[in-house]
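# Reading the structure
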Amino acid sequence: MIAYGVFREGGRARVGARVEGGVLDLAAALGDEAFHAPSLNGFMAGGPSIWREAHSRAREASGPVLGLDEVELLMPFEVADYVDFFSSLHHASNMGGMFRPDAEPLLPNWRHLPVGYHGRAGTVVPSGTPIVRPCGQRWAPGADAPSFGPSVRLDIELELGFVIGVASELGMPVPIDRALDHVFGLVLVNDWSARDIQAWEYQPLGPFLGKSFATSISHWVAPLTEVEGHRVPAGAQEPEPLPYLREEPWAYDLALEVELNGAVVARTSGRHLYWSIAQQVAHLTANGASMRTGDLLATGTISGPERESHGSLIELSWNGTEPIELPGGETRSFLEDGDEVVLRGEGLGEVRGRIDPARC
Ligand code: MN
């Protein structure tokens, strides 16, 4: 499976493709100007016919291939805007049940539109970047006032992220059946989340500082055409969405896993998403908002029906009431300093991050 990234070698950053044994230097192999660049944005702006041609040329190219120990992998693209959705039914139901135990787990809008929020593009970082434990304001259980300090409920969110190649026009909604023409490919995402900060700040405007401190993505972007074979039909959406969101339900059956300190603690799949990337694009642009090359549209945490298929620690430990047991006998509900999380996705590589101590 072809995937594109950006690497530095000999002092120069340029575009490469992940191949057996290392990184194919696309700038040298294909000579295109778009690959002599420190990001994929120029290439991604070209559109589907240019992408397809490049994929087949990259597949046939024979070198030069550089070993992974000879290169430094960098951010694959410049993130323009970042939107995070909430598109997994099991995740949304689990979170609703935990945050609002006395109410319906799903809010009334959830089955009618892909709920999302605008995140912080400037703090999206590549795999391997250390994550400093965030400080912030939270209301501790049993306390009589809010306090400020290091988050004590630092969590992960396993997500897929779709990367926009072709921009859309301001004022022009993208129809659902044209949505995929704008999408270059996908990355794996860890949307680090401070649950204590999030719980105190999120009403009524949604996530803010509990999520904006860092979001990690994989070094490699897998083109949509390369994951086409993983597309599977999904269950019916009930109730049927409004016409601008209507399509035959589908999802990508891509195997995903969460590793914590060397132990796999969850296995799930992209097929557990209720809303598709086409529906997310149609909804995001329904009001005329435009997309730019480099926009990152993440799916939200992907959770399946079983406990071991949940994509966040708050679900895996059921809000801390059933801590996860690790092989050495340690337990975790949330992340400790020094913990390392590695997310892996079929064809997407990995997203790695270790927690550094707070600086407050
Ligand atoms: Mn998220």
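The notes below deal with the structure included here. (Residues numbered from 1 in each chain as written. Predicted model: local features only at pLDDT ≥ 70, side-chain atom pairs only at ≥ 80, totals over all residues. Heavy atoms only, no water.)

### Examining the nonpolar core
- The biggest cluster of nonpolar side chains holds 55 residues, and the ones touching the most others in it are Leu160, Phe162, Leu186, Tyr252, Val281 and Leu335.
- Broken down by element, this core gets its largest block of residues, five residues, from helix H8 (residues 277-284).
- Residues Tyr4, Ala13, Ala58 and Tyr82 belong to the second largest nonpolar core, which totals 32 residues. (Core = buried A, V, L, I, M, F, W, Y, C linked by side-chain atoms within 4.5 Å. Buried < 20%, exposed > 50% of the residue type's maximum accessible area, 1.4 Å probe, protein only. Helix = DSSP H or I, 4+ residues; strand = E, 2+ residues; numbered from the N terminus.)

### What about the coordination of the manganese ion?
- Within the protein, Asp84 (OD), Glu157 (OE), Glu159 (OE) and Asp191 (OD) serve as the donor atoms for the manganese ion, at 2.1 to 2.2 Å.
- Donor residues for the manganese ion sit on one chain with the sequence pattern D-x72-E-x1-E-x31-D. Of this pair, Asp84 sits in strand S6 (residues 82-85) while Glu159 sits in strand S13 (residues 158-164), and the two are 75 residues apart along the sequence.
- A relative accessible area of 1% places Asp84 in the buried class.
- The class for Glu159 is buried, based on a relative accessible area of 0%. (Donors = N, O, S within 2.8 Å, 3.2 Å for Na, K, Ca; no water.)

### Let's talk about the state of the cysteines
- For the coordinates displayed, the defined rule picks out one disulfide.
- Here Cys135 is linked by a disulfide to Cys360, with a sulfur-sulfur distance of 2.0 Å. A torsion of -90 degrees about the S-S bond marks the disulfide between Cys135 and Cys360 as left-handed. One end of the pair, Cys135, is in strand S10 (residues 135-138); the other, Cys360, is in the segment after strand S26 (349-356), with 225 residues separating them in the sequence.
- Under the relative-accessibility criterion, Cys360 is labelled exposed at 54%. (Disulfide = S-S within 2.5 Å.)

### Let's talk about unusual backbone geometry
- Across the junction of Gly63 and Pro64, the peptide omega takes the value 5 degrees, indicating a cis bond.
- Turning to its location among the elements, Pro64 is positioned in the loop between helix H3 (48-60) and strand S4 (65-66).
- That bond from Gln203 to Pro204 is cis: its omega, 5 degrees, falls within 30 degrees of zero.
- Within the element layout of this structure, Pro204 appears in the loop between helix H5 (195-201) and helix H6 (209-212).

### Some details on the sheet that holds strand S9 (residues 131-132)
- Strand order in the open sheet formed by five strands is S9-S26-S25-S20-S21, and the pairing between neighbours is mixed. Only two strands of the sheet have a single neighbouring strand rather than two, namely S9 and strand S21 (263-269).
- Sheet analysis places S9 next to S26, joined by two bridges and oriented parallel. If you follow Val132 over to S26, its bridge partner there is Asp356. (Pairing = 2+ DSSP bridges.)

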